[in-house]
Amino acid sequence: MKREGDASRASNPVWGFLISIRLTVALLLSLAATSIIGTLVPQNAAPQDYVRAYGEFLYRLFYVLDIFDMYHSWWFQLLLVLLTANIVACSIDRLSTLWKTVFVKTPVFRSAMFRNPRHKAVFTVTPPPERLRERYAEVAARAFTYSRTEAADGGFRIFAEKGRWTRLGVYIVHLSVVFLLIGGLVGSIFGFDGFVTIPEGESVQAVHLRSGDREQPLDFAIRCDDFQVSFYETGAPREYRSRLAILEEGKPVLEKEIIVNDPLRYRGINIFQSSYGKMPADLGAVAEKGIDVSITSKASGMVYTEKVFLDKPLTLPEGGGVFTAKAFLPSYLFMGQRDLGETLVGELEPPGGEPVEIHLPVRFSRFDKMRKDGRFVFSVTEPVGERYYTGLQVTRDPGVPLVYAGFILMILGCIVTFFMSHQRICIDVTRRGAGAAVTVSGTANKNPGAVAESVRKISGRLEKLEAGR
């Protein structure tokens, strides 16, 4: 017979909607479909990329539906809210029938439960039942969390159980999913994912959000005190790192050097090293302070370092002619394909020969070795006035603790669900001649191997108890 509260909930159409299995299936299929869409359609890309890929009409349609930032859209968050409510409602509805089994003070045992058990042990002992009752009850009390002794025809029965709470394992899993969903919602609503570029020596107090053209102000400032990058001989970056400072009211409160996969974390905000670049060269500084050029003689092996200035001829050592720096380029396409970055363009006038234009990329010190003619190999060091900027990914996700808690609960729930069980044992002692016959039988809601082991252990203890007497 249903309780009054159960009946009132069953007649409530809203409650009936929330506990519907059809709703669960529809929500899971919808989330699966949207996840596929979110994988196929790049998220938070530039509008011109979407127009180029999908055309003007689909771009406007997808924009209205928030397809380009799907995981922060109102309808995706609504799906998560509905799924959370569905799981909670279903758990409450099913738990109401299990409540009296798990939380009852005096559990109900019926001998019919053990009439045809799969797991039992039978043996006989010499003492009569009246001498066994107290000792057997003590053994059962030590082995199980609950035990009760009842009189029976010609003897007695001991009912015992343990692991009643393990029936809640599936609800622990349900709770873990709720934590994961709420964590995702909290992160989606209150978190952000942005990026910022900071030149060396400068600071910022806002980041650009990837989900649009908006900026996210910060409660503190991020300053880049230094940036360093090292390269392989091929010119590919080997490692780059930024020395950052967190400023509160203009004063540094935290300093850290970060590299890729080693972020700075402050007040729930994560700052990752993600990219870097060079600021446009200060041509005024280059023209004023000059550029250091290394000149290696092929004949003698001597290395000369000279400072050159734009449009000012430099007489080369060993009678090697004249070198004149003509321009300093922010980029140089080698053979029209690969950008070699900042490059010094010069003109070499060998003695008695025709002028030759040479290119000296800053990042590739051995580039001029490919030039077979000539008596010298030129290379240029870092030009005066050059600065790097660091590219940072700045994120905040306040739902992460809930997600971690959800994963921990899910692991615990799976352990309870798959490896633990609610075990019930009946020790039936009846008179047989001058002694007694003992039958130990057990049942469990799952994991039959565990209850079989419990029957074996408890019967073994009872037999050893009598052997020792």
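Residues numbered from 1 in each chain as written. Predicted model: local features only at pLDDT ≥ 70, side-chain atom pairs only at ≥ 80, totals over all residues. Heavy atoms only, no water.

Chemist: If you had to explain the overall build of the protein to someone new, which residues and values would you point to?
Modeler: Looking only at helices and strands, the protein features 10 helices and 22 strands. Computed over C-alpha atoms, the radius of gyration of the protein comes to 39 Å, more than 25% over the 23 Å expected from 2.2 N^0.38 for 469 residues, which places it beyond the range of a compact globule. Seen through its C-alpha atoms, the protein measures out along the principal axes to roughly 130 × 60 × 45 Å. A fraction of 59% describes how many contacts in the protein between residues 6 or more apart in sequence connect residues 24 or more apart. Summed over its atoms, the accessible surface of the protein is roughly 26,500 Å², and 57% of this surface lies on carbon and sulfur atoms. Across the protein, the mean location of the 56 positive side-chain charges is 18 Å away from that of the 49 negative side-chain charges. (Helix = DSSP H or I, 4+ residues; strand = E, 2+ residues; numbered from the N terminus. Rg over C-alpha atoms; globule rule 2.2 N^0.38 Å. Contact = heavy atoms within 4.5 Å. Areas by Shrake-Rupley, 256 points an atom, 1.4 Å probe, with all protein chains shown as cover. Lys, Arg positive; Asp, Glu negative; His and termini not counted. Charge placed at Lys NZ, Arg CZ, Asp CG, Glu CD.)

Chemist: Help me get a handle on the sheet that holds strand β3 (residues 155–162), residues and values and all.
Modeler: Taken in spatial order, the 5 strands of this open sheet run β1-β22-β21-β3-β2, and their pairing is antiparallel. On the outer flanks of this sheet lie β1 (119–125) and β2 (146–152), each paired with one strand and no other. For this sheet, the mean angle separating the axes of adjacent strands, direction not counted, is 15°. Here 10 bridges tie strand β21 (residues 423–432) to strand β22 (residues 435–444), and the two strands are oriented antiparallel to one another. Opposite Ile427, over in β22, you have Val440 as the bridge partner. (Pairing = 2+ DSSP bridges. Axes fitted to C-alpha atoms, helices over the stretch in contact; angles between N-to-C directions.)

Chemist: Explain the pairing of strand β5 (residues 203–209) residue by residue, including any values.
Modeler: Here strand β4 (residues 192–199) runs beside β5; their pairing, made up of 2 bridges, is antiparallel. Considered in β5, the bridge of Gly194 is made with Leu209. Between β4 and β5, which pair antiparallel in sequence order, lie 3 residues; one of them, Gly201, sits at a positive phi of approximately 85°. Sheet analysis places β5 next to strand β6 (residues 215–231), joined by 5 bridges and oriented antiparallel. If you follow Ala206 over to β6, its bridge partner there is Pro217.

Chemist: Lay out the environment of Glu463 in plain terms, naming residues and giving numbers.
Modeler: Among the secondary structure elements, Glu463 is positioned in helix α10 (residues 448–468). For Glu463, a relative accessible area of 41% translates into the label partly exposed. C-alpha of Glu463 to C-alpha of Thr124: the two residues are 339 residues apart in sequence and 8.6 Å apart in space. (Buried < 20%, exposed > 50% of the residue type's maximum accessible area, 1.4 Å probe, protein only.)

Chemist: Before we move on, can you summarise the confidence of the model for the protein with the specific residues and values?
Modeler: Summing up the model confidence of the protein, the mean pLDDT is 88 and the portion of residues at 70 or higher is 94%. The element-level mean pLDDT for the protein is lowest in helix α1 (residues 4–10), coming to 51, with strand β9 (residues 264–266) highest at 95. (pLDDT = per-residue confidence, 0-100.)

Chemist: Run through helix α9 (residues 400–419), naming residues and quoting values.
Modeler: The terminal C-alpha atoms of α9 lie 28 Å apart, and with 20 residues this matches the ideal 28 Å at 1.5 Å per residue to within 8%. On its buried face, α9 sits against α7 (169–190). (Expected span 1.5 Å × (residues − 1).)

Chemist: Let's hear about the packing of helix α5 (residues 74–102) against α7: which residues, and what values?
Modeler: Working note: a packed helix pair is described by the angle between its axes plus the distance between those axes. The contact between α5 and α7 brings their axes to 10 Å, and the two run at 160°. When the interaxial angle is binned, α5 and α7 end up roughly antiparallel. For the pair α5 and α7, the sense of crossing is left-handed. On α7, the residues that touch Gln77, Leu80, Val81, Leu83, Thr84, Ile87, Val88, Ser91, Arg94, Leu95 and Leu98 of α5 are Tyr171, His174, Val177, Val178, Leu181, Ile182, Leu185, Ser188 and Ile189. Residues that form the contact of α5 with α7 fall into these classes: 14 nonpolar, 5 polar and 1 charged. (Parallel < 35°, antiparallel > 145°, perpendicular 65-115°, else oblique. Left-handed = near helix turned anticlockwise from the far one by under 90°. Nonpolar A, V, L, I, M, F, W, Y, C, P; charged D, E, K, R; others polar.)

Chemist: Go over the pairing of β1, please, and point to the residues and values.
Modeler: Going residue by residue along β1, you find His119, Ala121, Phe123 and Val125 tucked away on one face and Lys120, Val122 and Thr124 left uncovered on the opposite face. As defined by bridge partners, β1 adjoins β22 across 7 bridges and the pair is classed as antiparallel. Bridge assignment links Ala121 to a residue of β22, and that residue is Val440.

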